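The chain contents come next:
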Amino acid sequence: MASWQVQDAKARFSELLNATIKKGPQVVTRRGIETAVLVPIEEWHRLQRAARPGLKDVLLAPEARFENLLAGNRTLRRRAAVEFK
C-alpha cells in the first residue's frame, strides 16, 4: 500500500483516486501517523458484506447468536410536558 501525506492527497486527489483504482488501497497520513485509507468501491462492498453476517448465516450458526439480533437496552427519558395555547 502506498502512503500519501494529507497535503499531497488534497493537492493531487485525482492521482490518488487513480492509484487506488489501479493499485488498490492507499493510506493517507497526517503528521506521519496513518489516518485514513482510500479503497476501491468493490473492496469496500466486500468488506461490508464480510463484516456483518446475513440472517441465514445467523440462523444456521452452531451456537446461539442472540446478541446480534436484539437491540441493546435503551434508557428512556421523559420529555417535559408542553402546553399549547
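This text goes with the structure placed above it.
Residues numbered from 1 in each chain as written. Predicted model: local features only at pLDDT ≥ 70, side-chain atom pairs only at ≥ 80, totals over all residues. Heavy atoms only, no water.

(A) Region of interest: the side chain of Thr-20. With respect to the secondary-structure elements, Thr-20 resides in helix H2 (residues 13-23). In contact with Thr-20, not counting residues within four places along its chain, are Gln-26, Leu-38, Val-39 and Pro-40. (Helix = DSSP H or I, 4+ residues; strand = E, 2+ residues; numbered from the N terminus. Contact = heavy atoms within 4.5 Å.)

(B) Examining the sheet that holds strand S2 (residues 26-30) more closely. Sheet architecture is open: three strands sit in the order S1-S2-S3, paired in mixed fashion. The sheet is open, and its two edges are formed by strand S1 (2-5) and strand S3 (33-38), each paired on a single side. This sheet shows a mean twist of 35° between the axes of neighbouring strands, independent of strand direction. As judged from the five bridges shared by S2 and S3, these two strands associate in the antiparallel manner. Each bridged residue has a counterpart across the sheet, and for Gln-26 the counterpart in S3 is Leu-38. (Pairing = 2+ DSSP bridges. Axes fitted to C-alpha atoms, helices over the stretch in contact; angles between N-to-C directions.)

(C) Summary view of the pairing of S2. Here S2 lies mainly inside the structure; four of its five residues are buried. As paired elements, S1 and S2 share four bridges and run parallel to each other. In the sheet register, Ala-2 faces S2, and the bridge partner there is Gln-26. Counted along the chain from S2 to the antiparallel partner S3, the turn is two residues long, and its residue Arg-31 has a positive phi close to 55°. (Buried < 20%, exposed > 50% of the residue type's maximum accessible area, 1.4 Å probe, protein only.)

(D) Here's a closer look at the environment of Trp-44. Structurally, the position occupied by Trp-44 is in helix H3 (residues 41-51). For the pair formed by Trp-44 and Pro-25, sequence separation is 19 residues and the distance between their alpha carbons is 10.0 Å.

(E) Geometry of the nonpolar core. The biggest cluster of nonpolar side chains holds five residues, and these are Trp-4, Ala-9, Leu-16, Ala-19 and Val-28. Discounting chain neighbours no more than four positions away, the residues touching Ala-9 are Trp-4, Leu-16 and Val-28. (Core = buried A, V, L, I, M, F, W, Y, C linked by side-chain atoms within 4.5 Å.)

(F) The arrangement of H2 in detail. Where H2 is concerned, the buried positions are Leu-16, Ala-19 and Thr-20. Looking down the long axis of H2, one finds its buried residues gathered within 100° of arc, a one-sided arrangement. Of the residues in H2, the exposed ones pointing more than 90 degrees away from the buried face are Ser-14, Ile-21 and Lys-22. Each element contacted by the buried residues of H2 is listed here: S1, helix H1 (6-11), S2 and S3. Just downstream of H2, Gly-24 is the residue with a positive phi angle, here 105°. (Arc of directions from axis to C-beta.)

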